[in-house]
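Report on the structure
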Amino acid sequence: MPDLWGQYRCPTGQGGRIVAESMNRAHEPLTLWGLGHVKVEPDWVVLDVGCGGGKTVNRLAHLVPNGKVIGLDYSPDMVTYSKEFNKKLIAQNCIEIVEGSVEKTGFPDGFFDLVTAFETYYFWSNLTEALTEIKRVLKPNGQLLLVNEMVKDGKYEVEHAKLIKDTYVRLIPLKELRKAMLSVGFGSVQAFMKAESPWNTILAQKQ
Ligand SMILES: C[S@@+](CC[C@H](N)C(=O)[O-])C[C@H]1O[C@@H](n2cnc3c(N)ncnc32)[C@H](O)[C@@H]1O
């Protein structure tokens, strides 16, 4: 049996496909809750960083019928999986899936209306670099939506120490995430917690 817990940071090979299929299913409630914090316009161009199995890209594409969604992941196997999952909407030019890292996306300045990041910041090698890059590719007033099912609040990381170790997750307190966003120049930064749950979302706007 492959080590599936270790797969979440860069899903690869057969184990990666199992994890991608599972994330596409299991992350749906979290994704819907997170998306409830942003009003997506039908003509927006959206980037989903760390797109994994590609289900969220697909969901976003239905929210922007006159726009486009690009999914980005640094795992070549997730790019392949996500392309297969979205082949119909890729053929219709509504979706693109590209291999790349959030710290260096390669997109032009001011290209996106919205950047989304579900369950992925935990694995970024350099948060400040990633946030600076996201801000660069956003249009003025463009928004960043970060959505996470884990939180560092002094309690969660103690109760879930084994899961955190096994998945190689690096948790950052919400206060520090907010501070990092403000320090790279995002304007309004709002943090939301789901009642009686560790789920959290940060919505930040480029000035
Ligand atoms: C736990 S999965 C979440 C996938 C998807 N967003 C979801 O909610 O189902 C994390 C994903 O982020 C990707 N990832 C991690 N660090 C990344 C980085 N620095 N740049 C691009 N992708 C990254 C991984 O390859 C993986 O597919």
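Our subject in this report is the structure included herewith. What you see is a predicted model; the values in this text were computed from it and never measured.

Considerations on the site of the ligand
In the vicinity of the ligand lie 22 residues, with His 27, Gly 50, Asp 73, Phe 118 and Thr 120 positioned nearest. Val 102 is positioned such that a nitrogen or oxygen atom in its backbone is 3.0 Å from a nitrogen atom of the ligand. In this structure, Thr 120 approaches the ligand through a side-chain N or O atom, which is 2.9 Å from an oxygen atom. About the coverage of the ligand: the protein hides 98% of its 590 Å² of free accessible area. For the shell around the ligand, the per-class residue count stands at 11 nonpolar, 7 polar and 4 charged.

Observations regarding the packing of aromatic side chains
Counted according to the given criterion, the structure contains 7 aromatic pairs. Arranged with centres 5.1 Å apart and planes meeting at 90 degrees, the rings of Phe 107 and Phe 112 form a pair that is edge-to-face. Per residue, the accessibility class of Phe 107 equals that of Phe 112, and both read buried. When the ring of Tyr 121 is compared with that of Tyr 122, the centres are 4.9 Å apart and the planes differ by 55 degrees; the resulting orientation is tilted. Tyr 121 sits in the buried class, given a relative accessible area of 3%. For Tyr 122, a relative accessible area of 2% gives the class buried.

So, the packing of helix 2 (residues 28-35) against helix 3 (residues 55-63)
Where helix 2 contacts helix 3, the axes come no closer than 11 Å and their chain directions differ by 40 degrees. Classified by the angle their axes make, helix 2 and helix 3 are oblique. The hand of the helix 2/helix 3 crossing is right-handed. Contacts between helix 2 and helix 3 involve Glu 28, Thr 31, Leu 32 and Leu 35 from the former and Lys 55, Thr 56, Arg 59, Leu 60 and Leu 63 from the latter. Of the residues contributing to the contact of helix 2 with helix 3, the split by class is 4 nonpolar, 2 polar and 3 charged.

As for helix 9 (residues 174-183)
Within the sequence span of helix 9, burial applies to Leu 174, Leu 177, Ala 180 and Met 181. The arc that holds the buried residues of helix 9, viewed along the axis, is 125 degrees, so those residues lie on one side. Facing away from the buried side of helix 9 by more than 90 degrees, the exposed set consists of Lys 175, Lys 179 and Ser 183. Tucked into the core, helix 9 has its buried residues touching helix 6 (127-137), strand 5 (138-148), strand 6 (186-193) and strand 7 (200-206).

Digging into the environment of Gly 110
For Gly 110, the location among the structural elements is in the loop between strand 3 (95-99) and strand 4 (112-118). Residue classification places Gly 110 among the partly exposed positions, given a relative accessible area of 32%. Spatially, the C-alpha atoms of Gly 110 and Lys 139 are 3.9 Å apart, while their sequence positions differ by 29 residues. Filtering out sequence-adjacent residues up to four positions away, Gly 110 remains in contact with Arg 136, Val 137, Leu 138 and Lys 139.

Notes on the pairing of strand 7
Both faces of the sheet carry side chains from a regular strand, because those side chains alternate between them. Most of strand 7 sits out of view: 6 of its 7 residues are buried. In the sheet, strand 5 pairs with strand 7 via 6 bridges, with the strands oriented antiparallel. The residue bridging Asn 148 from the neighbouring strand is Asn 200, located in strand 7. Bridge count between strand 6 and strand 7: 6 bridges; the pairing is antiparallel. The residue of strand 7 that forms the bridge with Ala 191 is Ile 202. Taken together, strand 6 and the strand that follows it, strand 7, pair antiparallel across an intervening segment of 6 residues, in which Glu 196 is found at a positive phi of about 50 degrees.

The rules behind each value
- Along each chain, numbering runs from 1 in the same order as the chain's sequence is written.
- With pLDDT at 70 or above as the cut-off, local features in this predicted model cover only qualifying residues; side-chain atom pairs require 80 or more to be listed or tallied, and sums for whole chains, interfaces and linings still use all residues.
- With hydrogens and water excluded, all non-hydrogen atoms of the structure serve as input to the side-chain values.
- Working definition: residue near molecule or strand if any one of its non-hydrogen atoms lies within 4 Å of it.
- Under this definition, polar contacts are N or O atom pairs within 3.5 Å; protein pairs additionally need one hydrogen-donor-capable and one acceptor-capable atom, and for neighbouring residues in sequence, both atoms have to be side-chain atoms.
- Accessibility throughout is a Shrake-Rupley quantity obtained with a 1.4 Å probe, and a residue counts as covered only by protein chains that appear here.
- Gly counts as polar in this scheme, as do all residues outside two lists: the nonpolar Ala, Val, Leu, Ile, Met, Phe, Trp, Tyr, Cys and Pro, and the charged Asp, Glu, Lys and Arg.
- Ring pairs are drawn from Phe, Tyr and Trp, using the six-membered ring of Trp, whenever the two centres fall within 6.5 Å, and their geometry is named by plane angle: stacked under 30 degrees, edge-to-face over 60, tilted for the rest.
- Categorising residues by exposure relies on relative accessible area from a 1.4 Å probe, with only protein chains included: less than 20% of the type maximum marks a residue as buried, more than 50% marks it as exposed, and the intermediate range marks it as partly exposed.
- Here the axes come from fitting lines to C-alpha atoms, over the contacting stretch only for helices, and the angles between their N-to-C directions go from 0 to 180 degrees.
- Each helix is a run of DSSP H or I of at least 4 residues and each strand a run of E of at least 2, with the numbering of both proceeding from the N terminus.
- Just so you know how the angles are binned, under 35 degrees is roughly parallel, over 145 roughly antiparallel, 65 to 115 roughly perpendicular, and the rest oblique.
- Two helices cross in a left-handed way if the nearer one is turned anticlockwise from the farther one by less than a right angle. They cross in a right-handed way if the turn is clockwise.
- In what follows, residue pairs with any heavy atoms lying within 4.5 Å of each other are defined as contacts.
- Each direction from the helix axis to a C-beta atom contributes to the arc, which is the arc of those directions.
- A pair of strands counts as paired when DSSP detects no fewer than two bridges linking them.

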